[in-house]
Amino acid sequence: ACFYLLFSHSRTAWLGLAAQGVAVLALLSRHQGLNWREALRERPRGPAAAAALVVLAALVIFRLAHDPIQTAPEQAREAGRARLELGIAAEDWDPASHEVRVNNIRARLVFWRNALEMLRASPILGVGLGNAKVHYPAFSRAGLVDRMIDERSELRNLHNDYLQLAVETGLVGLGLAAWLLAALLACCRRLAASAAWEAARTPAIGMAVASAGFLADAAVNFPMERALPPFYLVLFAGTATALAAGT
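So, how was this worked out
Residues numbered from 1 in each chain as written. Predicted model: local features only at pLDDT ≥ 70, side-chain atom pairs only at ≥ 80, totals over all residues. Heavy atoms only, no water. Helix = DSSP H or I, 4+ residues; strand = E, 2+ residues; numbered from the N terminus. Buried < 20%, exposed > 50% of the residue type's maximum accessible area, 1.4 Å probe, protein only. Contact = heavy atoms within 4.5 Å. Areas by Shrake-Rupley, 256 points an atom, 1.4 Å probe, with all protein chains shown as cover. Axes fitted to C-alpha atoms, helices over the stretch in contact; angles between N-to-C directions. Parallel < 35°, antiparallel > 145°, perpendicular 65-115°, else oblique. Left-handed = near helix turned anticlockwise from the far one by under 90°. Nonpolar A, V, L, I, M, F, W, Y, C, P; charged D, E, K, R; others polar. Core = buried A, V, L, I, M, F, W, Y, C linked by side-chain atoms within 4.5 Å. Salt bridge = Lys/Arg side-chain N within 4 Å of Asp/Glu carboxyl O. Phe/Tyr/Trp six-rings, centres within 6.5 Å; stacked < 30°, edge-to-face > 60°. Lys, Arg positive; Asp, Glu negative; His and termini not counted. Polar contact = N/O pair within 3.5 Å; in protein donor to acceptor, adjacent residues only side chain to side chain. Expected span 1.5 Å × (residues − 1).

Peer 1: Would you take a moment to explain the overall build of the protein chain for this structure?
Peer 2: A tally of regular secondary structure across the protein chain gives ten helices and zero strands. Ordered by position from the N terminus, the helices and strands of the protein chain form the series α-α-α-α-α-α-α-α-α-α. The burial tally for the protein chain puts 32% of its 247 residues in the buried class. Considering only residue pairs separated by 6 or more positions, the protein chain has 69% of its internal contacts joining residues 24 or more positions apart. Surface exposure of the protein chain reaches about 15,400 Å², of which carbon and sulfur atoms provide 66%.

Written out as structure tokens, the structure reads:
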């Protein structure tokens, strides 16, 4: 998995993996009574950890040493990847006015700052589902100047599903989503305290870890606008609810 992530150029994927790692440690510590200090003292894993670090370092060095010279087709693919990352339509991409390499972190900060101004303008009910991209051009310079958006370019999403939900559905929609998440967490706690926990422990931990990665990715990306991630999230929520209810 780490090998794939290394070559995917996706920092948000590493964020999701880190969130999943934290979730695994928290769940194992809480529900299996695992004391990490004692476990490491009884069964030291120094050689294995050292070997893993050597392999990871080798992968990083190999990736950094990869030939940076790009041919024209490779530059076109790089431009297309940057355009997709920013959510700009192909017909709106103008290489003459937009750089190929874009600082994605700064771009997200600009999106989010301007989105807050959109939320301030329509705080209760928002601008409507799917309308953030319609209203964004009017706010593209409200907080920070967004040089990527002009009469030829369109922002497809805000690269933050929570902020996108707040902008499009207002505080009402955001509150309902928070209530749903709180209800799901309460359901998971009931499941952990029920008799069904022993039989469902392994799949339940797997679903919780996958959901943690999804929620982390949603803070800097747009998994809710893809087909499979929301499907799996709803599937996990329904399974956890059924297990907690004993059905």
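Peer 1: Hey, could you run me through the packing of helix 8 (residues 161–193) against helix 10 (residues 228–245) in this one?
Peer 2: Helix packing for two helices is described by the angle between their axes and how far apart those axes are. Taken N-terminus to C-terminus, the directions of helix 8 and helix 10 make an angle of 45°; their axes are 9 Å apart at the nearest point. Judged by the inter-axis angle, helix 8 sits oblique to helix 10. Of the two possible hands of crossing, helix 8 and helix 10 adopt the one that is left-handed. Residues Leu184, Cys187, Cys188 and Leu191 of helix 8 form the contact with helix 10, whose own contacting residues are Ala237, Ala240, Thr241, Leu243 and Ala244. Broken down by class, the residue content of the contact of helix 8 with helix 10 amounts to eight nonpolar, one polar and no charged.

Peer 1: So what exactly am I meant to see when it comes to the nonpolar core here?
Peer 2: Soluble, globular proteins show a tendency: their nonpolar side chains are buried together. If you look at the biggest cluster of nonpolar residues, it comprises 15 residues, and the most contacted ones within it are Tyr136, Leu155, Leu158 and Val167. Among the elements of the structure, helix 6 (104–121), helix 7 (132–139) and helix 8 are those that each provide at least two residues to this core. In contact with Leu158, not counting residues within four places along its chain, are Phe111, Trp112, Ala115, Tyr136, Leu163, Gln164 and Val167. Among the nonpolar cores identified, the runner-up in size contains eight residues, and Ala23, Ala204, Ile205 and Ala212 belong to it.

Peer 1: Would you mind showing me how to read the pattern of salt bridges here?
Peer 2: Side-chain pairs of opposite charge can arise whenever the charged atoms involved come near each other. Overall, the coordinates contain two salt bridges when judged by the stated rule. Residue Glu117 is joined to Arg113 by a salt bridge in which the shortest nitrogen-to-oxygen separation is 2.5 Å. One end of the pair is Glu117 and the other is Arg113, both in helix 6 and four residues apart, which spans about a single turn. Looking at Glu117, the relative accessible area reads 14%, which means it is buried. Exposure remark for Arg113: the relative accessible area of 32% places this residue in the partly exposed category. Here Glu117 ties to Arg120 by a salt bridge, and the two come within 3.8 Å at their closest N and O atoms. Here the residue Glu117 and the residue Arg120 both occupy positions in helix 6, the gap between them amounting to three residues, near one helical turn. Each of Arg113, Glu117 and Arg120 takes part in one network of salt bridges that share partners.

Peer 1: Whenever I open this one, the packing of aromatic side chains confuses me. Can you help?
Peer 2: Within this structure, the stated rule accounts for three aromatic pairs. Here the aromatic rings of Phe111 and Tyr136 are separated by 6.3 Å at their centres, their planes lie at 85°, and the arrangement is edge-to-face. Of this pair, Phe111 sits in helix 6 while Tyr136 is found in helix 7, placing the two residues 25 residues apart along the sequence. Residue Phe111 is classed as buried on the basis of its relative accessible area of 2%. Tyr136 sits in the buried class, given a relative accessible area of 1%.

Peer 1: Could you clarify how one ought to interpret the side chain of Asp146 in this entry?
Peer 2: Tracing the backbone shows Asp146 in the loop between helix 7 and helix 8. No salt bridge forms around the buried Asp146; measuring N to O, its nearest opposite-charge neighbour Arg106 is 6.7 Å away. Polar side-chain contacts of Asp146 include one of 2.6 Å to the side chain of Tyr136. Sequence-distant contacts of Asp146, that is, excluding residues within four places in its chain, are made with Val110, Phe111, Asn114, Tyr136, Ser140 and Arg141.

Peer 1: I tried to follow helix 6 on my own but got confused; where do I start?
Peer 2: For an α-helix the count is 3.6 residues per turn, leaving residues at separations of three or four pointing the same way. An ideal rise of 1.5 Å per residue puts 26 Å on 18 residues; helix 6 measures up with 26 Å between its terminal C-alpha atoms. Those residues of helix 6 that sit buried are Asn104, Ala107, Arg108, Val110, Phe111, Asn114, Ala115, Glu117, Met118 and Leu119.

Peer 1: Sorry if this is basic, but what is going on with the side chain of Gln164 here?
Peer 2: Inspection of the secondary structure puts Gln164 in helix 8. On the basis of relative accessibility, which here comes to 7%, the residue Gln164 falls in the buried class. A polar contact of 3.0 Å, which involves the side chain of Gln164, links it to the side chain of Glu168. Setting aside residues up to four positions removed in sequence, Gln164 forms contacts with Ala132, Arg156, Asn157, Leu158 and Glu225.

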